[in-house]
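As a plain string of letters, each chain reads:
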Amino acid sequence: GAGVSQSPSNKVTEKGKDVELRCDPISGHTALYWYRQRLGQGLEFLIYFQGNSAPDKSGLPSDRFSAERTGESVSTLTIQRTQQEDSAVYLCASSWRAGDTGELFFGEGSRLTVL
Amino acid sequence: AQSVTQPDIHITVSEGASLELRCNYSYGATPYLFWYVQSPGQGLQLLLKYFSGDTLVQGIKGFEAEFKRSQSSFNLRKPSVHWSDAAEYFCAVGGMDSSYKLIFGSGTRLLVRP
């Protein structure tokens, strides 16, 4: 597609429910990143995929968080048993290849509200 | 530890005035430095980046930034601000040492007075 596409744009859920957030990167981009942005704060790295290599999961805050990516296409971020502190905007970004230009192309984010 | 500090949470300038947004970083290896802008309702957009070479880099929308290794800084500047520049600005650092994943500062929100 023309840009990074994320869905849903907004999600309101009850504490304890599971949520799935989807990211469709720019076609041809091999690197895909998930970041979390809490209100009034910077972007917090969550996970990074590069082609078929093992993902870098070093930023996932707990085992309730997981992400998958099928080949070099769509990625899904799953949060199990959501907590109120999970409320944030979840941003996905992609790039041609990690390190080539350093430029990440961001989606508009999925805003998650946990009641 | 790798980190980015943007000491100003908010900055207000008058339209037409000059602007400088501060960014300091801590990074163990050769840093790659970036400035992104986030406008309301839009995704982050890259303004400019520094990898190597000339320490003064030019970006889009009339922005520039200067890399000062001795001060671990990468401040963003614009000589004359336009009302459309009102947005949130993020400084980020990355590089081979971190497998290129970017570490972002907490952002500076720019308000522009008419």
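Our subject is the structure listed above.
Everything numeric here is computed off the predicted structure, so don't read it as measured data. (Residues numbered from 1 in each chain as written. Chains lettered and ligands numbered in written order. Predicted model: local features only at pLDDT ≥ 70, side-chain atom pairs only at ≥ 80, totals over all residues. Heavy atoms only, no water.)

**Q** Before we go on, may I ask you to explain the state of the cysteines in this structure?
**A** By definition, a disulfide is the covalent link that joins the sulfur atoms of two cysteine residues. Throughout the structure, instances matching the rule amount to two disulfides over all chains. What pairs with Cys 23 of chain A in a disulfide is Cys 92 of chain A, and their sulfur atoms sit 1.9 Å apart. The chirality of the disulfide connecting Cys 23 of chain A with Cys 92 of chain A is left-handed, given an S-S dihedral of about -65°. Residue Cys 23 of chain A is found in strand E3 (residues 19–24), and its partner Cys 92 of chain A is found in strand E8 (residues 88–95); the two are separated by 69 residues along the sequence. There is a disulfide in this structure between Cys 23 of chain B and Cys 91 of chain B, and the S-S distance comes to 2.0 Å. The sign of the S-S torsion, about -65°, decides the handedness of the disulfide formed by Cys 23 of chain B and Cys 91 of chain B: left-handed. With Cys 23 of chain B in the loop between strand E3 (19–21) and strand E4 (24–26) and Cys 91 of chain B in strand E10 (residues 87–94), this pair connects stretches of sequence that are 68 residues apart. Just as Cys 23 of chain B is buried, Cys 91 of chain B falls in that class too. (Disulfide = S-S within 2.5 Å. Helix = DSSP H or I, 4+ residues; strand = E, 2+ residues; numbered from the N terminus. Buried < 20%, exposed > 50% of the residue type's maximum accessible area, 1.4 Å probe, protein only.)

**Q** Help me understand the pattern of salt bridges in this model?
**A** Two side chains of opposite charge can pair, provided their charged atoms sit close to one another. All names here are of chain B. Under the definition given, this model contains seven salt bridges over all chains. With a closest N to O distance of 2.9 Å, Arg 22 and Asp 8 form a salt bridge. Taken together, the residues Arg 22 in the loop between E3 and E4 and Asp 8 in the loop between strand E1 (3–5) and strand E2 (10–14) connect sequence positions 14 residues apart. A residue is classified by how much of its surface remains accessible, and Arg 22, at 39% relative accessible area, is partly exposed. One salt bridge connects Arg 77 with Glu 66, and the closest N-O pair in it is separated by 3.3 Å. One end of the pair, Arg 77, is in strand E9 (residues 73–78); the other, Glu 66, is in strand E8 (residues 64–68), with eleven residues separating them in the sequence. Given a relative accessible area of 24%, Arg 77 falls into the partly exposed group. Overall, Glu 66 belongs to the partly exposed group, its relative accessible area being 24%. (Salt bridge = Lys/Arg side-chain N within 4 Å of Asp/Glu carboxyl O.)

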